[in-house]
Structures are given as C-alpha cells and as structure tokens.
Amino acid sequence: MMPPVSGNTALFLDIDGTLLDLARTPDRVKVPRDLLRSLERLSQQLSGALAFVSGRSLASIDHLFAPFRPAAIGAHGGEIRGLDGAIARIQPLPDSVRDIFVGLAANIPGLLLEDKKCALALHYRLAPEAQPVLATAMEKHARLFEAEKVQILEGKAVIEARPIGVDKGTAVAALAKQKPFAGRAILFGGDDTTDLDVFRILPRLGGRGFSVGKHFAGAEHVFESPRAVRAWLSRTAEAGAS
Ligand SMILES: [Mg+2]
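Notes on the structure follow. Everything quoted here is computed from the prediction, not taken from an experiment. (Residues numbered from 1 in each chain as written. Predicted model: local features only at pLDDT ≥ 70, side-chain atom pairs only at ≥ 80, totals over all residues. Heavy atoms only, no water.)

1. Looking at the packing of aromatic side chains
Geometrically, a pair of aromatic rings is defined through the distance of the ring centres and the angle of the planes. Counted under the stated rule, the structure contains eight aromatic pairs. On the numbers, 5.2 Å between centres and 35 degrees between planes, the contact of F12 with F181 is tilted. You can see F12 sitting in strand 1 (residues 9-13) and its partner F181 sitting in the loop between helix 6 (168-175) and strand 10 (185-190), a full 169 residues away along the chain. For the pair formed by F12 and F181, the shared burial category is buried. Cluster of aromatic residues (ring-pair linked, three or more members): F52, F65 and F68. (Phe/Tyr/Trp six-rings, centres within 6.5 Å; stacked < 30°, edge-to-face > 60°. Helix = DSSP H or I, 4+ residues; strand = E, 2+ residues; numbered from the N terminus. Buried < 20%, exposed > 50% of the residue type's maximum accessible area, 1.4 Å probe, protein only.)

Encoded structure:
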C-alpha cells in the first residue's frame, strides 16, 4: 500500500526513471506540464518540504524544471541545496579520475560524458555494446580509484564515478535535518541502484519509500512506471495534503 501524504510529509523524489521516462540521452527527457503543476502545488501544500534527489547536477535539474526551484540534492549527494537556496558542494573529483573518463568518452563512439565536477557519468545508452569495454576499463583502474577514494557505480546504461562516503542516502539524511524537512515524515521514491543508499537509511530516519519498476527492500509500494507515479502525484496534489 502506498503510504499516505499528509501536511506533515517531507517528499524526497528521484527524477529520471521515477518522475520522468528515461530518454535516449539525459538532455532529451521531457517534463510534462501536468507534472510540473502537481509538484508546485504539492510543494506549496507541504510548506516547501519537497526535494529532488538526483544524479543530475543542480544546474541540470533547474534547467529541466524551471521556473520551479525546490530544495534539491544533485550529483548523488555531491550538491545539496536547502529551501533557502544555500548550496553545499563537495570537492571536484581528482584529474587522474577525470582523465580516464574523458579518454573513454573520446575513444568509444556513442558515449556521452557528463561532468558534474564532484561526479562523472558515462552514458552508453546510444552504445550498449560498450558496456563490457567500460567494465574492463573500470577494473583496470580499480587501484587508482581506490587510492583516490572514488567509487564506481553502474546504473541504467550509465557508469558513474563519485567520492566514497557521499551518496543519496547521506545527502537525504543531511537535508532532512534542515527546515522545513526536520521533524516531518519522510517519503522517498526511487528507481535505480543509487537510490538503494536512501532505502538503506530510511528506517533510521523513520521514513518510508516506494520504488518504480521493481521492488526494493523497504519499499512499501511499487509503481509500474514513471507515468503511474505522475498520476499518483496529480491525485495527491488534487486532494490537497493537510
Ligand atoms: Mg532514477
């Protein structure tokens, strides 16, 4: 059963694959007008306690959802923006790691490199055959990554590098301490491996969660698709959280 949304809920929402259908490249996703409306209404009903939790950079999130600009976690926790607009950013990844990713993107056709400074993402949706090559390259450089305290993560047609110890879970825990999130009942939704870091800490935060497409441990509800999530958000905004 989907946990209810009340006036005391704090909503934390992943974007790609949860709110938005995945596209061939990250910049081709579409934000339906209805979704934007639902999010804006819900944010108002929750006194601003609605935050995005994404692998995208804050700049990319804001570009997608303009003019809506809620609190947000970008780059898998590398960037945290409170409702007051103040941004906390971690250090950029070292050049040694960046060079490897830049080299791969330059040498394998169809790869798309997204440089989020504090995280790097290689998208291979346009070149699925590159996956084994990338996996081998990641193994080859495993020592360097370890020495630089960088972890490699595999998502849906994407390989990411980010600092060890920084993830969506630690970021949600940090943002949940800030106004207007503090003291509220957390409800999180996500669809991909990096969202598991949030599911892992939800019990400690007294939060609840839903997943999209497949069941994650701790998820109380599974939506079939982002479209189903959008329909739920629309109904919820319509009902008015109080
Ligand atoms: Mg996602």
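2. Brief notes about the sheet that holds strand 8 (residues 150-155)
Strand order across the open sheet formed by four strands is 6-7-9-8, with antiparallel pairing between neighbours. In the strand order of this sheet, the two ends are held by strand 6 (112-115) and strand 8, each with one partner. Sheet twist, expressed as the mean angle between neighbouring strand axes with direction ignored, is 15 degrees. In this structure, strand 8 lies alongside strand 9 (residues 158-163), joined through six bridges in antiparallel fashion. Looking across to strand 9, one finds that Q151 is bridged to R162. Across the sheet, helix 4 (residues 131-140) lies against strand 7 (120-123), strand 8 and strand 9, angled at about 25 degrees from strand 9, the strand it touches most. (Pairing = 2+ DSSP bridges. Axes fitted to C-alpha atoms, helices over the stretch in contact; angles between N-to-C directions. Contact = heavy atoms within 4.5 Å.)

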